[in-house]
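Next come the chains, spelled out residue by residue.
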Amino acid sequence: YVYRAGSFGEAVQVGLGASVQIMQDIWHFLGGIFRGSVSSDNLGGIIAISRGSYMFASVGFTKLVFFLCMLSLNLAFINVLPIPVLDGGHITLAIVEGLRRKPVNVRLLETVQSACALMIIGFMVFIAFFDSPASSCSSASRRVTAIRSGASANASRANARASLGRPSRPAS
């Protein structure tokens, strides 16, 4: 991604547009996970985040800030999902209680929150288990390589797709 703005107002507009696009990408990614069209290889934990941070930092400070902004948007988006133990779940609960004009049954609430907490912990363990140092942040690595070489985003995506699964040839 390369964004340029001539003024502060234009920068705010470009930043908001980019944020909306990133949140739409997150929504489609999450949908792909539940539909099964996105592989678990595309998930990453602290090791993948560290590798991504290092790669973007090696390109430049502004790319690192962009990566950290994307990471923050990811966390904010997931936090407001209506999952009972997250903030979005608390907001949803407050809306439900407001509409019903009475509190939700405490026993039901405890059961649902415990089940969701276990589900989230299980998901975190799943990601941590498969987030090994040997795993590659291949898509981030291809983006950083494209940024370094000055290739356009479309060309780098086409090259990345074309090179997937093909062995590299030694130079003759």
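Residues numbered from 1 in each chain as written. Predicted model: local features only at pLDDT ≥ 70, side-chain atom pairs only at ≥ 80, totals over all residues. Heavy atoms only, no water.

**A word on the overall build of the protein**
Helix and strand counts for the protein stand at seven helices and zero strands. Mapped from its N terminus to its C terminus, the protein presents α and β elements in the order α-α-α-α-α-α-α. For the protein, with 172 residues in total, the buried portion stands at 20%. Once local pairs closer than 6 in sequence are excluded, the contacts in the protein between residues at least 24 apart make up 60%. Accessible surface for the protein amounts to roughly 12500 Å². Of this, 64% is attributable to carbon and sulfur atoms. (Helix = DSSP H or I, 4+ residues; strand = E, 2+ residues; numbered from the N terminus. Buried < 20%, exposed > 50% of the residue type's maximum accessible area, 1.4 Å probe, protein only. Contact = heavy atoms within 4.5 Å. Areas by Shrake-Rupley, 256 points an atom, 1.4 Å probe, with all protein chains shown as cover.)

**Details of the nonpolar core**
Counting residues in each nonpolar core, the largest one holds nine residues, listed as I22, I26, L30, F56, F67, M70, L73, F77 and L81. Residue assignment for this core shows that the elements contributing at least two residues are helix 1 (8–35) and helix 3 (61–79). Top contributing element to this core by residue count: helix 3, with four residues. (Core = buried A, V, L, I, M, F, W, Y, C linked by side-chain atoms within 4.5 Å.)

**A short note on helix 1**
For helix 1, spanning 28 residues, the distance from its first C-alpha to its last is 40 Å, which sits close to the expected 40 Å at 1.5 Å a residue. For helix 1, the full list of buried residues reads A18, I22, I26, L30, G31 and G32. Packing partners of the buried residues in helix 1 comprise helix 3. G36 sits one or two residues past helix 1 and shows a positive phi near 90°. (Expected span 1.5 Å × (residues − 1).)

**With respect to the side chain of S53**
Mapping S53 onto the fold places it in helix 2 (residues 46–59). S53 has contacts with L64, F67 and L68, leaving out every residue within four places of it along the chain.

**Overview of the packing of helix 2 against helix 3**
Contact pair helix 2 / helix 3: the axes reach a minimum separation of 7 Å and the direction vectors enclose 150°. In terms of their interaxial angle, helix 2 and helix 3 are classed as roughly antiparallel. Within the contact between the two elements, helix 2 uses I49, G52, S53, F56, A57 and V59 and helix 3 uses K63, L64, F67, L68 and L71. Grouping the amino acids of the contact of helix 2 with helix 3 by side-chain chemistry returns eight nonpolar, two polar and one charged. (Axes fitted to C-alpha atoms, helices over the stretch in contact; angles between N-to-C directions. Parallel < 35°, antiparallel > 145°, perpendicular 65-115°, else oblique. Nonpolar A, V, L, I, M, F, W, Y, C, P; charged D, E, K, R; others polar.)

**Focus: the packing of helix 1 against helix 3**
Interaxial distance between helix 1 and helix 3 falls to 10 Å at its minimum, and their mutual angle equals 55°. Compared by their axis directions, helix 1 and helix 3 come out oblique. Seen along the crossing, helix 1 lies across helix 3 with a hand that is right-handed. Contact residues: helix 1 offers S19, I22, M23, I26, W27 and L30, while helix 3 offers F66, M70, L73, N74 and F77. Residue classes in the contact of helix 1 with helix 3 are distributed as nine nonpolar, two polar and no charged. (Left-handed = near helix turned anticlockwise from the far one by under 90°.)

**Some remarks on the packing of aromatic side chains**
Evaluated as defined, the whole model comprises four aromatic pairs. With a centroid separation of 6.1 Å and 75° between ring planes, the pair formed by W27 and F77 is classed as edge-to-face. Of this pair, W27 sits in helix 1 while F77 sits in helix 3; the two residues are 50 residues apart in sequence, bridging distant segments of the chain. A relative accessible area of 15% places F77 in the buried class. (Phe/Tyr/Trp six-rings, centres within 6.5 Å; stacked < 30°, edge-to-face > 60°.)

**Things to note about a nonpolar patch on the surface**
On the surface, F123, F126, F129 and F130 cluster together into a nonpolar patch covering about 450 Å² of accessible area. For F126, the location among the structural elements is in helix 5 (residues 106–130). (Patch = residues over 30% accessible without salt bridge, like charges linked within 9 Å, V, L, I, M, F, W, Y side chains within 5 Å. Salt bridge = Lys/Arg side-chain N within 4 Å of Asp/Glu carboxyl O.)

None of the figures reported here should be taken as evidence of function without further support.
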